[in-house]
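# Architecture at a glance
These are the residues of each chain, in order.
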Amino acid sequence: MSDYNADGKRAGYGAWGWLFLMAWRDSRRNRGRLFLFISSIILGIAALVAIYSLGDNLRNDIDKQAAGLIGADLEISTNKPVDASVKKLIDSLGRTKSEERSFASMVYFPKSEGTRLVQIKALEGEFPYYGSLETEPVEAGKSFRKHPAALVDKTLMLQYNARVGDSVKIGQLTFVIAGSLLKAPGQTGFSAAVAPTVYIPLYYLEGTGLSQKGSRINYKFYYKFDGKVNVDQLVKKLEPRFEKDALNYNTISNQKENTGKSFSDLTKFLSLVSFIALLLGCIGVGSSIHIYVKEKVNSIAILRCLGVKSKQAFLIYLIQIVSIGLAGSVMGALLGTIIQQFLPVVLKDLIPVEITTSTSWSSIGQGIALGVCVSLLFALLPLISLRKISPLNTLRLSVDNGTMQNDKARWAVYALILLFILLFTRNQLNTWRETFFFTAGILVALWYVDCNCSSDDVANTQVFS
Amino acid sequence: MAILNLQNVSKTYQSAGRTLTVLDNINFSVEAGSTMSIVGPSGSGKTTLLGLCAGLDRSSKGSIELNNIKLDDLSEDQRAEVRNEHVGFIFQNFQLMPTLTALENVMVPLELRGVKKIKLVAMDLLEKVGLADRSHHFPAQLSGGEQQRISLARAFINKPQILFADEPTGSLDAETSEKVIDLIFGLNKEAGTTLVLVTHDNDLAVKTQRIIRIKGGKVVSDEQPSRLLP
C-alpha cells in the first residue's frame, strides 16, 4: 500500500471525477428507466412551480392593482339608511365622492319576456376613481348615468338575447340598455355569473319603487382623496365613530391585505396538495430505486472486488440519483413555468385582478431545490443498503441474515425525511400546531403506503460479516 | 518467500441457531511466483477458501497474510485497497460490468488507483488477449470466451502480485477453455504473478505446480502434480 498518502487517500487521479465518470458510465443503459422513475418528481415539481409562480405573480398583481379592486381610496358601507348625523359625517369626509345602493331584485326583459334575479347597483358620482366600468360600447360606462339607462352584465345580455338599445324593466321603470357590462372593480366572472349586475343611475332608483322602508339595501360611499391624505390614519382616527354608527370601511391597503391573504391561503393550500402528491410520487421513486439498486448488486460487488470502497460505491449511485433528480426537477420547473402561462386563462373568472405571467425565478429555484431534496431523501433509503453489499456476491449468491433494521443510517434518513416534511409544512402554514397535525397525517398516509413496500430486500443479499 | 500464508484458518456460519463449519483449521503458504490449484468436490469449501485468501471475506478463526499484510485486522474498505493494490481476479461468470465497454472494464482497477494515461496500457493488454478490435464493445456483445479474455486483461492491468481464479473455464466450451488456459498461464508467466486456481477440472489443476485438495472444509492433500504424473 505504498502509493497511499498518510491519511489513507490515494494520490493522483481526481477521486470525485472518477465517481462522476462511473456514475455516467453505469447509467448508460438505464437512463430512460431512471427518467421514468423520476417522472412523478417532474409532475410534482411542475405543479408546485406553477402554483408558486401563480402565487408570486398574484401577490405582485394584487399589490399593483389593489386600487382597481376597490375603485376608490376609501369605501364606507352600511346596510341601514343613513340618518342626518351619519350623512353629516359622510359629507364631511370629502367632496370627491360617489354613492351606490345595491340590492337583489328581479328584472324583466320585454323583448325576450325573460325575468331574472340580479344585483341592482344604483350609482351616483364618478365611481370608479381607479380602474373603470368596462363596457361595450366603451362610452356607455359614463353616459348611462345621465339618462334612464342601464348597464347590463354581458352574461345576462347573452342569456336574454338583449342588445344595446333594448329595454329592461326594473320595478316600475323601464330603462334603455346603454351598454353591456364587461367588468367592474372587484368583480370576477364567477361572481357575475352567480349574481349578474345591472347598473342604473341612482337618480332613478326612487322611480322604480324598489327602495322602500324595509328594503334590504346596502349603502356604499366611495371617496377619492388627493395625495396628501393618509387614508389609513384617517380611518384609524374615525374608527370609534364608524363603530358607533355601524359603518364598515375598506381602504386600498385593507383590500390589498384581505385579497392577498385569501389568495395566499389558496396558494398555500394548493402547494400542500401538490406536496402530498409529490411525496406520494417520491414513495414510488423510492420503490423504483429500490428495484434498481437490487439489479445493481452484482455490479457493485464487482467494483468492491476491484477495490472500490463502500462509500465510493454508495456515492456512484448517489450521484446518479441526485443528477437524475436535478434533471427531473429542472424539467418539472420548466413544465411548471409553461403551465403557469395558461393558469390565468383558466382562473380569469375566479380572480378579480389581471394576472401577469412573468417567470418567477424564486419559484423555479424553490421547485428545483425541493425536487432535489425529495428525490435524494427518498432514494437514500434504498441507497444506504449499497454500503453493505459484499464483494463475495461475485463468487456466490449466498444469503447472510444481516438486515438494515438496526442500521443507524436508515433511522437517520427517516429522521431527515420527517424533519424535511416538518420544515416544509411549517414554511407553508406558519403555525406549529397545524404543522404537527398535517405532518402526523402525512406520516400515517406514508406508513400505510409503505406497508407494502419494505426496503429490506436489498440488505438480504450477501452483506459483510 | 511466501506471498500468501494461512495459519489455523476456520470459517463458520450461524444458520438457524446452529454453527456450520465450512473451513476447519486450514494451514498452507504459497510462494511468490508459483502456481497452485485448490480442488475438491462441490460444497467442500474451496470457493470460501478463495474468498478468504483474496480478502473478500474474513475468517472466523486463524490468520491470513497476503503479501505480508495481515488481512484479519483490516476493515472491509482497507481490504478493498489491498485487493486493488495486490490482487487480480478471474471469475467463472467473467463478472464484467455490463454498462462498461471492454476497454473501460479493463481500465477500472487503474482508474481507481488514480493512475493517468492508462488507455495505452489497457489497449496493450487487449492486444495481448487478441481483442483490441473489440475494445468498444459491451460485454453483452461478446462471446463467453471473449468476455473471459477481457476479464483476464482486467485482472493483469494492475500488475497484481497474486491472481485468484475461480473456475476460470467453468462456463466455457472445451476449445475456448484451452485458449483461455493458455492465455492465463502465458500472461501469468510473463508477469511473474502468483496464481491460485479453484477448479473441478483435474486437467487444468495438473498444469499448476501444486494441488491442494480439500474435502469437508479440511485439507486432505497437498501435492505437486509432477510427482503424481507417471
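Residues numbered from 1 in each chain as written. Chains lettered and ligands numbered in written order. Predicted model: local features only at pLDDT ≥ 70, side-chain atom pairs only at ≥ 80, totals over all residues.

### Some thoughts on the overall build of chain A
Secondary structure summary: chain A contains 15 helices and 10 strands in total. In terms of overall dimensions, chain A has C-alpha extents of about 105 × 50 × 40 Å along its principal axes. (Helix = DSSP H or I, 4+ residues; strand = E, 2+ residues; numbered from the N terminus.)

### Section: the overall build of chain B
Per the secondary structure count, chain B includes eight helices and 10 strands. Here the C-alpha radius of gyration of chain B, 18 Å, is about what a compact globule of 230 residues would show, namely 17 Å. Considering only C-alpha atoms, chain B reaches an extent of 50 × 45 × 40 Å along its principal axes. Sequence-distant contacts in chain B: of pairs separated by 6 or more residues, those separated by 24 or more amount to 69%. (Rg over C-alpha atoms; globule rule 2.2 N^0.38 Å. Contact = placed C-beta atoms within 7 Å.)

### Structural notes on the interface of chain A and chain B
Across the contact, 27 residues belong to chain A and 29 residues belong to chain B. Going through the elements one at a time, helix H1 (15-27) and helix H11 (297-306) of chain A are the ones with two or more residues in the side of chain A that touches chain B. In terms of residues, the side of chain A that touches chain B owes the most to one element, H11 of chain A, which gives five residues. Considering only residue class, the side of chain A that touches chain B consists of 12 nonpolar, six polar and nine charged. (Nonpolar A, V, L, I, M, F, W, Y, C, P; charged D, E, K, R; others polar.)

### Section: helix H9 (residues 231-244) of chain A
Residues and elements named next belong to chain A. Across its 14 residues, H9 extends 19 Å between first and last C-alpha, which sits within 8% of the 20 Å expected from 1.5 Å per residue. Remark: the principal bend of H9, roughly 55 degrees, maps to leucine 238, with a proline, proline 240, within the next four residues. Among the 14 residues that make up H9, zero are buried, leaving the element largely open to the surroundings. Of the residues trailing H9, alanine 246 is marked for its positive phi of about 55 degrees. (Expected span 1.5 Å × (residues − 1). Bend = angle between axes of the 7 residues up to and from the residue. Buried ≥ 20, exposed ≤ 12 C-beta atoms within 10 Å, placed from the backbone.)

### Topic: helix H6 (residues 174-191) of chain B
Residues and elements named next belong to chain B. Compared with an ideal rise of 1.5 Å per residue, which puts 18 residues at 26 Å, H6 spans 26 Å between its outermost C-alpha atoms and is within 8% of the ideal. All of the buried residues in H6 are Ser177, Val180, Leu183, Ile184, Leu187 and Asn188. Projection of H6 onto a plane perpendicular to its axis shows the buried side chains occupying an angular sector of 125 degrees, all on one side. Exposed residues pointing more than 90 degrees away from the buried face of H6 are listed as Ala174, Glu175, Asp182, Lys189 and Glu190. Elements that come into contact with the buried residues of H6 comprise strand S3 (35-39), strand S6 (87-90), helix H4 (119-128), helix H5 (144-157), strand S7 (162-166) and strand S8 (194-199). (Arc of directions from axis to C-beta.)

### Topic: the sheet that holds strand S10 (residues 218-223) of chain B
All names here are of chain B. Ordered by their spatial adjacency, six strands build an open sheet running S6-S7-S8-S3-S9-S10, and the pairing between neighbours is mixed. Of all the strands in the sheet, the pair left with one neighbour each is S6 and S10. Recorded for the sheet is a direction-independent mean angle of 20 degrees between the axes of neighbouring strands. Sheet topology places S7 next to S8; five bridges connect them, and they run parallel. Bridged to phenylalanine 164 within S8 is valine 196. (Pairing = 2+ DSSP bridges. Axes fitted to C-alpha atoms, helices over the stretch in contact; angles between N-to-C directions.)

### Some thoughts on the nonpolar core
Ala150, Leu151, Val152, Val198 and Leu383 of chain A together with Val106 and Phe164 of chain B are the most contacted members of the largest nonpolar core, which has 173 residues in total. When residues in this core are grouped by element, the largest group, 16 residues, is from helix H3 (residues 39-70) of chain A. (Core = buried A, V, L, I, M, F, W, Y, C linked by C-beta atoms within 7 Å.)

### Structural notes on the confidence of the model for chain A
With 90% of its residues at a pLDDT of at least 70, chain A reaches an overall mean of 83. Between residues 1-13 of chain A, whose pLDDT stays under 50, and residues either more than four places distant or in other chains, the model counts 20 contacts. (pLDDT = per-residue confidence, 0-100.)

### Thoughts on the pairing of S3 of chain B
Residues and elements named next belong to chain B. Counting buried positions along S3 yields five of five residues, so the element is predominantly enclosed. Burial along S3 is two-sided: the residues Thr35, Ser37 and Val39 and Met36 and Ile38 are all buried. As defined by bridge partners, S3 adjoins S8 across five bridges and the pair is classed as parallel. Opposite valine 39, over in S8, you have threonine 199 as the bridge partner. Pairing of S3 with strand S9 (residues 210-215) involves four bridges; the strand directions are parallel. Opposite isoleucine 38, over in S9, you have isoleucine 212 as the bridge partner.

### Topic: the packing of H5 of chain B against H6 of chain B
Residue and element names in this part refer to chain B. Packing of H5 against H6 leaves a shortest axis separation of 10 Å and a crossing angle of 10 degrees. By the angle between their axes, H5 is roughly parallel relative to H6. Packed against H5, whose contacting residues are Gly144, Gly145, Gln148, Arg149, Leu152 and Phe156, the element H6 presents Thr176, Lys179, Val180, Leu183, Ile184, Leu187 and Ala191 at the interface. Tallied by class, residues from the contact of H5 with H6 come to seven nonpolar, four polar and two charged. (Parallel < 35°, antiparallel > 145°, perpendicular 65-115°, else oblique.)

### Re the sheet that holds strand S5 (residues 69-70) of chain B
Residue and element names in this part refer to chain B. Spatially, the four strands line up as an open sheet ordered S2-S1-S4-S5, and their pairing is antiparallel. Because the sheet does not close on itself, it has two edges, and the strands there are strand S2 (18-31) and S5. By the bridge criterion, five bridges tie strand S1 (residues 2-15) to strand S4 (residues 61-66) in an arrangement that is antiparallel. Paired with leucine 4 across the strands is leucine 66, a residue of S4.

### Brief notes about the packing of H3 of chain A against helix H12 (residues 310-347) of chain A
Between two packed helices, both the angle of their axes relative to each other and the distance between the axes serve to describe the pair. All names here are of chain A. Contact pair H3 / H12: the axes reach a minimum separation of 6 Å and the direction vectors enclose 45 degrees. By the criterion of interaxial angle, the relationship of H3 to H12 is oblique. Every pair of crossing elements has a handedness; the one defined by H3 and H12 is right-handed. Contacts from Ile41, Ile42, Leu43, Gly44, Ile45, Ala46, Ala47, Leu48, Val49, Ala50, Ser53 and Leu54 in H3 reach Gly325, Gly328, Ser329, Met331, Gly332, Ala333, Leu335, Gly336, Thr337, Ile339, Gln340 and Leu343 in H12. Of the residues assigned to the contact of H3 with H12, the class counts are 15 nonpolar, nine polar and no charged. (Left-handed = near helix turned anticlockwise from the far one by under 90°.)

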